[in-house]
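Listed below, chain by chain, are the residues.
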Amino acid sequence: MTDKIISVKNLVKKFGTFTANDNLTFDVYKGEIFGFLGANGAGKTTTIRILCGLSSPTSGELKVAGFDVYRDAEKIKKNIGYMSQKFSLYEDLTVTENIQLFAGIYGISRKVRKEKEAELLKKLNLEEAKNKLIGGLPLGWKQKLAFSVAIFHDPKIVFLDEPTGGVDPVTRRRFWDLIYEAANNGTTIFVTTHYMDEAEYCNRVSIMDAGKIEALDTPANLKKMYNAKDMDEVFVKIAR
Amino acid sequence: MTQLLSFIKKEFFHISRDPRTMLILFGIPIAQLLIFGTVIKSEINDIHIAIYDQSKDKTTEQITNKILSSGYFILDENLTNLDEIDAIFKKGKVREVIVFDNDFGKNLVKEGTAKMQIIADASDPNTARLAIAYVKGIVNDYIIKTNPNLKMPLEIRPEVRMYYNEEMESAYMFVPGTMALILMLISTMMTSISITREKELGTMEVLLVSPLKPIQIIVGKVIPYLFLSIINAFVIILIGRFVFGVPITGSFILLMLETILFILMSLCLGILISTVAKNQMVAMFISMIGLMLPTIIISGFIFPIENMPVVLQWFSNIMPARWYIIILRGIMLKGIGITFIWKETLILIGMTLFFIAMSVKKFKIRLE
């Protein structure tokens, strides 16, 4: 594989006596879709929050997009996109207002924004709904839009924390089409999920249990290694 | 800069699209001002009284006439024996009974002492206190005028002139106080709620992951509410001036500058609260209970600070509204300039800086 875009060595995160991340070491390569799996409370969200700069590690060496997490947090922020478990757009703003807000926050010029906005609305079929408040849109549309807004500033990496919670399989599939598209354009995808069928879509997956990474490989290799017919079985064997 | 502008624009969208926010911002202040201004009064009007005149001489008649012609009292009944007093209070309408002793006028001239009794229904202590003070004043006034050389056993007060508020208009007292209360509540509550709302909805995370700096988020939150609160202050001053007739004897510009300072202070306090509060409910609770009650009770808004227990007096020093009320009353009623209120102004500036520093620090800690 090519360049490392995220490199984590011996990451430890403690909350008091509780160890949420116990000595994690892994790399993510440029342009790949990296699945970050684990049961609830395994420590996925903690890791993702540390990588995004929302939380600071207790110890360990971490580089995101080539920058050190401790020293260059501000530079990292310009190079990443983030979509949280909770819906991350403003429900009382319209589609275009949301796009304008985030374009503004990331310092995208008005001209570039207009071009990309038109393109995006067309791609998502939201042209007619562009002046509607987000709150009134179906969940599937909202999530697709939230993802598109998260990568609007062309980040090198986008972190998706359970992006598809609560949507139907068809919408999920379409959402993953967007993820593939972004990955093809060179954006690295770091995604946590509960859905094992989604794990199959990833280039590589890591499976966490009780704060430790128990397995990290391509879905195909993992299935071979655990002698399982699908990722579901792999997951159950690891996480029990 | 564009970052900040897009953020401020978004805040205005939030405010203008939420009817509840608009109501809190503009409906409540006006309602509160009108209610405080008209309901809470420190002057009395049309107090119902009864008189038990055992003497029925010329002096008592004159005093009675003087009391009744003062415009503050309405005579309901003339009593004929002491037992009636209790009964008439129980009926509830009469709030004060004046009893003249036997041979009141005669004793006054002959011995220089005469006895009268003023009994008030103190189930409403405030009104009772005022009603008694008024009657005392009227009686003293009468006696001093009719017997200039007489030394009285009745408490003789020096003549009191109510400076700055000649008619003892309570609106003069309450408009500055209400203004402080409203600006403080609205500014503090609105900012703390709007930030905690972002925390609850999860949008705060997205903002924190973005290149926006904490100070930009804080400034972006403060500016829209600063703007709206200034409008609010204007409306309150206008209502004070034209509905309650409260004058602005001092400099209007100074008044506005001090007001902006106070608003800024409140907004920063609101942000500080939001960094502590986990959700909108907590934020609202802290702003309402934690600020409204102390502001009403110990900031000198209604009750004079000098009469409080020492601990509360000390405590009132940390109430920002206390200093703002002093400034407001100074400028509006006394017409004094900055040379007389620089100390209070400095205290407000100090508080503002303190809250800003704390908020920025806490905001970073929150990223933990």
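Residues numbered from 1 in each chain as written. Chains lettered and ligands numbered in written order. Predicted model: local features only at pLDDT ≥ 70, side-chain atom pairs only at ≥ 80, totals over all residues. Heavy atoms only, no water.

K.L.:
Go over the overall build of chain B with me, naming the residues and quoting the values.
P.N.:
The helix and strand tally for chain B stands at 14 helices and four strands. Taking 2.2 N^0.38 as the reference for a compact globule, 368 residues should give roughly 21 Å; the C-alpha atoms of chain B span a radius of gyration of 27 Å, well beyond that estimate. Considered along the principal axes of its C-alpha atoms, chain B spans approximately 90 × 45 × 40 Å. Relative to its full complement of 368 residues, chain B shows a buried share of 50%. In chain B, of all internal contacts separated by at least 6 residues, the share reaching a separation of at least 24 is 76%. Total accessible area on chain B is roughly 18,000 Å²; 65% of this is exposed by carbon and sulfur atoms. A distance of 11 Å separates the average location of the 35 positive side-chain charges in chain B from that of its 31 negative side-chain charges. (Helix = DSSP H or I, 4+ residues; strand = E, 2+ residues; numbered from the N terminus. Rg over C-alpha atoms; globule rule 2.2 N^0.38 Å. Buried < 20%, exposed > 50% of the residue type's maximum accessible area, 1.4 Å probe, protein only. Contact = heavy atoms within 4.5 Å. Areas by Shrake-Rupley, 256 points an atom, 1.4 Å probe, with all protein chains shown as cover. Lys, Arg positive; Asp, Glu negative; His and termini not counted. Charge placed at Lys NZ, Arg CZ, Asp CG, Glu CD.)

K.L.:
With reference to specific residues and values, describe unusual backbone geometry.
P.N.:
The bulk of non-glycine residues show a negative phi, and the bulk of peptide bonds are trans. All names here are of chain A. The backbone phi angle of asparagine 125 is positive, close to 60 degrees, even though this residue is not glycine. In this fold, asparagine 125 is placed in the loop between α4 (110-123) and α5 (139-150). Positive phi is not limited to glycine here, since glutamate 162 has a value of about 45 degrees. Mapped onto the elements, glutamate 162 comes out in the loop between β7 (157-161) and α6 (169-184). With a relative accessible area of 17%, glutamate 162 lands in the buried category.

K.L.:
Please set out the interface of chain A and chain B residue by residue, giving values where relevant.
P.N.:
Counting residues at the interface gives 30 residues for chain A and 26 residues for chain B. Buried surface at the junction of chain A and chain B, summed over both partners, amounts to about 2,400 Å²; 59% is from carbon and sulfur atoms. Taken together, chain A and chain B are joined by two salt bridges. Note that Glu205(B) is salt-bridged to Arg49(A), the shortest N-O span being 2.7 Å. On inspection of chain A and its partner chain B, the count reaches nine residue pairs in polar contact (both at pLDDT 80 or more). Put simply, the parts of the chain that give the side of chain A that touches chain B at least two residues each are β1 (4-15), α1 (44-52), α2 (73-79), β6 (80-83) and α3 (95-105) of chain A. Here the element with the most residues in the side of chain A that touches chain B is α3(A); it accounts for six residues. For the side of chain A that touches chain B, the class distribution of residues is 14 nonpolar, eight polar and eight charged. (Buried area = accessible area lost by both parts, 1.4 Å probe. Salt bridge = Lys/Arg side-chain N within 4 Å of Asp/Glu carboxyl O. Polar contact = N/O pair within 3.5 Å; in protein donor to acceptor, adjacent residues only side chain to side chain. Nonpolar A, V, L, I, M, F, W, Y, C, P; charged D, E, K, R; others polar.)

K.L.:
I'd love a proper account of the sheet that holds strand β2 (residues 73-78) of chain B, names of residues and values included.
P.N.:
Residues and elements named next belong to chain B. Here we have four strands laid out as an open sheet, ordered β2-β1-β3-β4, and mixed in their pairing. Looking at which strands have only one partner, the edges of the open sheet turn out to be β2 and β4 (116-120). For this sheet, the mean inter-axis angle between neighbouring strands, taken without regard to orientation, is 25 degrees. Relative to β4, strand β3 (residues 96-100) is paired through five bridges, and the arrangement is antiparallel. Looking at the pairing, glutamate 96 lines up with alanine 120 of β4. Here helix α4 (residues 83-91) sits on the sheet in contact with β1 (47-53), β2, β3 and β4, set at roughly 165 degrees to β3. (Pairing = 2+ DSSP bridges. Axes fitted to C-alpha atoms, helices over the stretch in contact; angles between N-to-C directions.)

K.L.:
Describe the sheet that holds strand β4 (residues 59-64) of chain A, with residues and values.
P.N.:
Residue and element names in this part refer to chain A. Across the sheet, which stays open at both edges, the four strands sit in the order β2-β1-β4-β5 with antiparallel pairing between neighbours. Looking at the sheet topology across the chains shown, the edges are occupied by β2 (18-29) and β5 (67-68). Inspection of the sheet shows β1 paired to β2 by eight bridges, in the antiparallel sense. Paired with lysine 13 across the strands is asparagine 21, a residue of β2.

K.L.:
Tell me about the environment of Leu33(B), residues and numbers included.
P.N.:
All names here are of chain B. Tracing the chain through its elements places leucine 33 in helix α2 (residues 19-39). Sequence separation between leucine 33 and isoleucine 260 is 227 residues, and the spatial gap between their C-alpha atoms is 19 Å. In contact with leucine 33, not counting residues within four places along its chain, are Val175, Thr178, Ile182, Ile236, Ile239 and Phe244.

K.L.:
Outline the pattern of salt bridges, supporting the account with residue identities and numerical values.
P.N.:
The tally for this structure, following the rule as stated, stands at 29 salt bridges over all chains. Of the charged contacts in the structure, one is a salt bridge between Arg204(A) and Glu32(A), with a shortest N-O distance of 2.8 Å. Highlighted residues: Arg204(A) in strand β9 (residues 204-209) and Glu32(A) in the loop between β2 and β3 (33-38), separated in sequence by 172 residues. For Arg204(A), a relative accessible area of 12% corresponds to the buried category. Notably, a salt bridge pairs Glu233(A) with Lys229(A), separated by 3.6 Å at the nearest N-O pair. Looking at Glu233(A), the relative accessible area reads 25%, which means it is partly exposed. One network of salt bridges, with partners in common, ties together Lys10(B), Glu11(B), Glu198(B) and Lys221(B).

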